Amino acid sequence: MMADWNVFFSTVSQTCGAVVGIFSAFLITKIIADQADFSKLKDKVSDMIGKSDYLKANFEKAGFEGVNNSELKDLSDNLYEAIKKEKLEKDPSHYLQFVEQPIYASKASVVEHIQTAINRAKKYQREQELKKLEEERKAEADRLIEKALGKSHINNMRLWERLQKPSIDHSDIPSFIAERNYLASASINRKNDDDKREQLIVDANHQVSLNKKLLSETQGSDVAQKLVSHSLSIVLLLFYIGVIYPLSFLPLQPNTEITLSISAFFDILFSLKGVLLALLTISFSFLIITFWRVNKRLKLTKAEIDELIEFSKPEGISTFLKNYCDNKC
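Small disclaimer: the values here were computed from a predicted structure and weren't measured.

**Some details on helix α10 (residues 319-328)**
If you check which residues of α10 are buried, you get Phe320, Leu321, Asn323 and Cys325. Two to three positions downstream of the cap, the backbone nitrogen of phenylalanine 320 sits 3.1 Å from a side-chain oxygen, assigning the N-cap of α10 to serine 318.

**Structural notes on the packing of aromatic side chains**
Taken as a whole and judged by the stated rule, the model has seven aromatic pairs. Taking 4.8 Å as the distance between ring centres and 15 degrees as the angle between the ring planes, the aromatic pair formed by phenylalanine 59 and phenylalanine 64 counts as stacked. The exposure classification of phenylalanine 59 matches that of phenylalanine 64, with both residues buried. For the ring pair phenylalanine 64 and tyrosine 104, a centre distance of 5.0 Å and an interplane angle of 90 degrees mean the geometry is edge-to-face. On the criterion of sequence distance, the pair formed by phenylalanine 64 in helix α2 (residues 64-83) and tyrosine 104 in the loop between α2 and α3 (107-149) is long-range, its members being 40 residues apart. Under the relative-accessibility criterion, phenylalanine 64 is labelled buried at 1%. For tyrosine 104, a relative accessible area of 5% translates into the label buried. Taken together, the aromatic side chains of Phe59, Phe64, Tyr104, Phe320 and Tyr324 make up a single cluster linked through ring pairs. Against the face of tyrosine 124 rests lysine 84, its NZ or CZ located 4.9 Å from the ring centre. Taking the ring centre of tyrosine 80 as reference, the NZ or CZ of arginine 120 above it sits at 4.1 Å.

Scoring rules and cut-offs
Residues numbered from 1 in each chain as written. Predicted model: local features only at pLDDT ≥ 70, side-chain atom pairs only at ≥ 80, totals over all residues. Heavy atoms only, no water. Buried < 20%, exposed > 50% of the residue type's maximum accessible area, 1.4 Å probe, protein only. Helix = DSSP H or I, 4+ residues; strand = E, 2+ residues; numbered from the N terminus. Polar contact = N/O pair within 3.5 Å; in protein donor to acceptor, adjacent residues only side chain to side chain. Phe/Tyr/Trp six-rings, centres within 6.5 Å; stacked < 30°, edge-to-face > 60°. Lys NZ or Arg CZ within 6 Å of the ring centre and 35° of its normal.

Laid out in structure tokens, this is it:
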């Protein structure tokens with residue numbers, strides 16, 4: 001019976017030792033190979049973040065805000081001129097279908113400027129009503145004065161009012177030629193700026209697409225890194241249970257009873273066999289833990305991942321890019 005236990009423990013130890021050796025060699029080789037791949041991935045992530053930061057800075061200097069504010073103001077002014085004499089019974093969303101959406105503006109901004117135009121139109125209509133009432137009051141007053149003092153007195157009053165109005169000074173009005181040259185130059189500059197903005201949008205959209213692909217690569221890398229870490233932990237556990245533990249029973253002497261107790265553990269530990277097994281355990285554990293720590297470092301920092309996630313969305317580079325994509329893409 002004792003011989004059967006010896007064979008059993010010996011077979012278990014050898015089998016588990018072979019499995020541990022094969023998997024350890026495979027995992028260690030993979031970690032070494034992954035170091036080179038991770039180094040390339042980290043450099044690529046840093047490069048993409050740097051390019052995205054550069055595009056973000058260019059968006060801030062490209063004048064998108066000025067163009068957007070100008071288009072929104074024109075939208076509000078044009079709508080005001082169109083509705084200032086109409087009945088204002090509709091809400092701002094009703095007028096969305098009648099205005100041209102500025103490409104760099106959000107729908108919320110458009111609705112806000114539509115509301116501004118409606119408020120201006122309401123104010124204009126109130127002023128017109130007050131003006132009409134004032135004219136009616138003035139006409140009634142003129143009629144009473146004319147009736148009492150005569151028409152010549154009214155004419156003298158109107159002449160005096162006209163004389164009190166300030167005259168217009170035309171001395172500062174530029175000549176037609178200077179104004180024409182200025183407008184031509186401004187038109188050329190505006191066209192160049194528009195071309196630069198369009199190219200910047202193309203570059204930024206391309207960069208966002210590249211960032212999305214790279215983010216998918218990093219997520220796949222994280223999954224592989226976690227899998228290797230779990231595999232190393234299982235290999236180490238298998239080494240303890242399948243190799244060291246069975247070896248601690250060998251060799252079994254005839255008529256020896258197998259006991260599982262704390263005293264039996266220390267009896268083995270403080271023997272020559274225990275010392276050899278302890279040294280083997282410590283050495284292998286140190287090796288596996290070292291590569292486990294190396295593998296844990298093959299992971300991007302949270303700050304790098306967060307930046308890459310941010311730049312994988314148009315709004316991460318600029319809100320104007322997001323608005324452009326919402327309106328045009």
